[in-house]
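Chain by chain, the residues:
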Amino acid sequence: MADQDARSGEGKRSTEIPALRWEEPPEGPVLVLLDQTRLPAEEVELVCTDASVLVEAIRSLAVRGAPLLGVAGAYGVALAAARGFEVEEAAVALTGARPTAVNLSVGVGRAHAAHQEALARTGDTRQAAEAALAAAQALHREDAQASVRMAAHGLALLDELLPAGGHRVLTHCNTGALVSGGEGTAFAVALAAHRSGRLRRLWVDETRPLLQGARLTAYEAARNGMAYTLLTDNAAGSLFASGEVDAVIVGADRIAADGSVANKVGSYPLAVLARYHHVPFIVVAPVTTVDPDTPDGASIEVEQRPGYEVTEVTAPRVPVTGAGGGIPVAPLGTQAYNPAFDVTPPELVTAIVTEEGVVSPVTAEALAELCARSRQVTIS
């Protein structure tokens, strides 16, 4: 188990390399990604010259996390338009790259709509491409701004629920700057607590099977000088039983209209543990993650990942022999159950924190009111 003590001083960005950026070199525009499959061993950038490369990057989790997938999807449409590829085809491929994360389809749809509107209005493909890029850049800025507001709302909620301070927060998967145009969602709340001197300990679930907690959240926590401890997923129950968890804070990939939350698999068991031990279970996500067209948790399509992600492990600079490019840890031919997400019902969620405010208790009516308020703000 890794145990990292806090370091003094203002925390810096979780990574000095942006998770995603648009560039326009002489040979044509590109989308540059920090390849998250290579972290923390090495910081390597992946250059996308067309939407098909980006689709593969999304599927392989080189770029991931609900808010950032929305931004990436929008840039993917802009990239197809700027490079003269079929925009409609690119939009369809991007939207289908990961089915559960609703932000991806929202981002793709926003840039696609901007492109189509400009093309219908002007008939000029160059202007249409510029409109798609402007939509992607606007979404990128909005996501960064939303991150700041979510952190503020989330910290205020923590202080309200835990007035004694010295927060000991458990988080799952990765929700920091690597998944956002800003400093993230759930991780941004913990980071705000750290910077204000109110975070006693960040408990980091390793997050099986791809270890986004161990590889990515610990990476971001270390870079920010946070007091953090890494634990195996199946040690969480022991931690709760010992009274060492004051709150659970996670992100979300889709929130249904009734408040059901789809997040990285392993979130639901944490919600059950939290309820039994009377610990707040808090979800932090932008309003774009709320999908009013998905009525309830049973209606959420849960992505099923390849079995080799469970039957194999990968390690930097180690020879690989498995079918998925990793080291086999199960007998050849072993079948694996590998859903990317699970769904937590609203009655187990203490609060949903968004950039527009906090919903608690979590009900369909409260979520609908929040989304309506968000639309009014956007229109004005």
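Refer to the preceding data block for the structure.
Just so it is clear, the structure is predicted and the values come from calculations on it, not from any experiment.

Caption draft 1: Representation of the overall build of the chain in the model. Tallying secondary structure elements over the chain gives 11 helices and 17 strands in all. A compact globule built from 380 residues should have a C-alpha radius of gyration of about 21 Å, and the chain, at 20 Å, falls within 12% of that. Its C-alpha atoms give the chain principal-axis dimensions of roughly 65 × 55 × 45 Å. In the chain, which comprises 380 residues, the proportion classed as buried is 53%. Within the chain, contacts between residues at least 6 apart in sequence are counted, and of these 75% link residues at least 24 apart. As displayed, the chain has an accessible area near 16,000 Å², and 54% of this comes from carbon and sulfur atoms. Within the chain, the 45 negative side-chain charges are centred at a point lying 5 Å from the centre of the 29 positive side-chain charges.

Caption draft 2: How the structure looks around helix α9 (residues 267-276). Taken residue by residue, α9 has S267, L270, A271 and A274 as its buried positions. What you see down the axis of α9 is that its buried residues fit within an arc of 100°, all on one side. Looking at the residues trailing α9, positive phi occurs at H278, about 60°.

Caption draft 3: Representation of the packing of aromatic side chains in the model. Summed over the entire model, instances satisfying the criterion amount to 1 aromatic pair. A centroid spacing of 5.8 Å and a plane angle of 20° characterise the contact between W22 and Y75, whose relative ring orientation is stacked. Taken together, the positions of W22 in strand β2 (residues 20-23) and Y75 in helix α2 (residues 66-83) put the pair 53 residues apart, joining distant regions of the chain. Judged by relative accessible area, W22 falls into the buried class, the value being 15%. When its relative accessible area of 4% is taken as the criterion, Y75 is described as buried.

Caption draft 4: Molecular detail of the packing of helix α4 (residues 102-122) against helix α5 (residues 125-161). With their axes 8 Å apart at the nearest point, α4 and α5 run at an angle of 150° to one another. It follows from the interaxial angle that α4 and α5 lie roughly antiparallel. Viewed along their axes, α4 and α5 form a crossing whose handedness is right-handed. Facing G107, R110, A111, A114, H115, A118, L119 and T122 of α4, the residues of α5 in contact are T125, Q127, A128, A129, A131, A132, A135, A138, L139 and E142. Of the residues belonging to the contact of α4 with α5, the class tally is 11 nonpolar, 5 polar and 2 charged.

Caption draft 5: Structural view of the side chain of E220. Note that E220 resides in helix α7 (residues 212-223). Buried charge E220 goes without a salt bridge, the closest partner of opposite sign being R64 at 6.4 Å. Only 2.8 Å separates the side chain of E220 from the side chain of N174, close enough to count as a polar contact.

Here is what the cut-offs are and how they apply
- Residues numbered from 1 in each chain as written.
- Predicted model: local features only at pLDDT ≥ 70, side-chain atom pairs only at ≥ 80, totals over all residues.
- Heavy atoms only, no water.
- Helix = DSSP H or I, 4+ residues; strand = E, 2+ residues; numbered from the N terminus.
- Rg over C-alpha atoms; globule rule 2.2 N^0.38 Å.
- Buried < 20%, exposed > 50% of the residue type's maximum accessible area, 1.4 Å probe, protein only.
- Contact = heavy atoms within 4.5 Å.
- Areas by Shrake-Rupley, 256 points an atom, 1.4 Å probe, with all protein chains shown as cover.
- Lys, Arg positive; Asp, Glu negative; His and termini not counted.
- Charge placed at Lys NZ, Arg CZ, Asp CG, Glu CD.
- Arc of directions from axis to C-beta.
- Phe/Tyr/Trp six-rings, centres within 6.5 Å; stacked < 30°, edge-to-face > 60°.
- Axes fitted to C-alpha atoms, helices over the stretch in contact; angles between N-to-C directions.
- Parallel < 35°, antiparallel > 145°, perpendicular 65-115°, else oblique.
- Left-handed = near helix turned anticlockwise from the far one by under 90°.
- Nonpolar A, V, L, I, M, F, W, Y, C, P; charged D, E, K, R; others polar.
- Salt bridge = Lys/Arg side-chain N within 4 Å of Asp/Glu carboxyl O.
- Polar contact = N/O pair within 3.5 Å; in protein donor to acceptor, adjacent residues only side chain to side chain.

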